[in-house]
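This is what each chain is made of:
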Amino acid sequence: MKFKPYFFVVGMLFFAQVVHAQLSLPPNGGNERSVVRQYMGSVAYVEIDYRSPDVAGREGQIWGTVVPYGLNGFGFGKSSQDNPSPWRAGANENTTIEFSHDMTVQGQPIAAGKYGFHIITQETGPWTLIFTNETNAWGSFYYTPDDEVLRTEANPEESDFREYLTYEFVARKGDTTTVALIWENKKLPFTIAVPQNNEFMLAQVESELTGQLGFQWNNLSQAANWASGAGFHEHAISWADAALSAPFIGQRNFNTLQTKATVLFAQEKTDEAVEVMGEAIKEPAATAFQIHAYGRQLIGIGQQDKAIEVFKYNHERFEGAWPTNYGLARGYSALGEYKVALKHLKVALENVPENDAVNPPVIEANIKKLENKEDIN
């Protein structure tokens, strides 16, 4: 067979690639990579990617020696006496911190994204935290102030001995977390928080409803009420409908119907909302107080004629219980029929439970208003 030179060239190229490939051999120890992530709620998270050096018998020499205080010109890369560098906040590659959403660090805003993280340590006083756009550099040798996105400060504290440099999330709440760099005998805690804006909360609620929480009508109803108030009307109507009629989990009751009506009221679909509430107040579990509150809502939006109908229905359904007479008093007062309103308000006062210390003084004050022909709403 005649030898073909181009086979030799191709074969040598393949061999070169094999020679330069990296084998996955056991690590030789030191500065292993660590990654920690902490969620705030179910959506937002902060992730720290760093190399973890050990003290290795250098007790008392880490701060100020292994990690020099202040800025230092290393004479390599961009680091010089004219452009001194901070510490890489770890070993080998510079540490990076990623924020899934816009957040704050020590109260200072930072946009969602991944950042190089550096620290200016000091023998006394606070340390400076620096976040930069450079995320792939080795150490801090390529740090320049032009890459900085945020500077803020945190106070170091004494710590129990820690052999390996570690980042730990030492305090956690729904919208904040405190992360601490801990090494040798010091720790540096700083707080990260998620601003509670509506866009973030919408993503949070959406995420939670895709899990177990989304299979409960009361959670869907709660989400719909929140979304409606926050102006997310399409989400609100979708969740309200699901709370009412989703397969297996939807329930038709006063609460879910009231939620649907609330969403419709927010969209200024008043006629539809009133129609839904007309169904809600007829639900067996609807209470006299819930129906009374709806009547007052109608007065508040200028629907006095519909309000008196609701108060009359409440009075008949609950056989003249005291809150239903209070409702009729409000309804007739809204119509300017103060004499009739006064009659019902006096009946309400006579029948308030003896252990009720809140309503009698209010009712008595409203009686005086009606006697002076003043609206009590």
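Please refer to the structure placed before this passage.
If you're wondering where the values come from, they're calculated on a predicted model, not measured in any experiment.

(A) Local environment of the packing of helix α3 (residues 217–230) against helix α5 (residues 254–266). Close contact between α3 and α5 brings their axes to 9 Å; oriented N to C, the two are set at 15 degrees. Taken together, α3 and α5 sit at an angle that is classed as roughly parallel. Both α3 and α5 take part in a crossing whose hand is left-handed. Contact residues: α3 offers W217, S221, A224, N225 and S228, while α5 offers N255, T256, T259, T262, V263 and A266. Within the contact of α3 with α5, the residues separate by chemical class into four nonpolar, seven polar and no charged.

(B) Fine view of the packing of aromatic side chains. Evaluation of the coordinates by the stated rule reveals 15 aromatic pairs. Each ring, one from F99 and one from F131, has its centre 6.1 Å from the other, and the planes form 55 degrees; the classification is tilted. Residue F99 is located in strand β3 (residues 95–99), and its partner F131 is located in strand β7 (residues 127–132); the two are separated by 32 residues in the primary sequence. The exposure classification of F99 matches that of F131, with both residues buried. Feature note: the residues Y50, F99, Y115, F117, F131, Y167 and F190 constitute an aromatic cluster, connected by ring pairs. The ring of Y45 carries the charged tip of R37 above its face, separated from the ring centre by 3.7 Å.

Criteria and cut-off values
Residues numbered from 1 in each chain as written. Predicted model: local features only at pLDDT ≥ 70, side-chain atom pairs only at ≥ 80, totals over all residues. Heavy atoms only, no water. Axes fitted to C-alpha atoms, helices over the stretch in contact; angles between N-to-C directions. Helix = DSSP H or I, 4+ residues; strand = E, 2+ residues; numbered from the N terminus. Parallel < 35°, antiparallel > 145°, perpendicular 65-115°, else oblique. Left-handed = near helix turned anticlockwise from the far one by under 90°. Contact = heavy atoms within 4.5 Å. Nonpolar A, V, L, I, M, F, W, Y, C, P; charged D, E, K, R; others polar. Phe/Tyr/Trp six-rings, centres within 6.5 Å; stacked < 30°, edge-to-face > 60°. Buried < 20%, exposed > 50% of the residue type's maximum accessible area, 1.4 Å probe, protein only. Lys NZ or Arg CZ within 6 Å of the ring centre and 35° of its normal.

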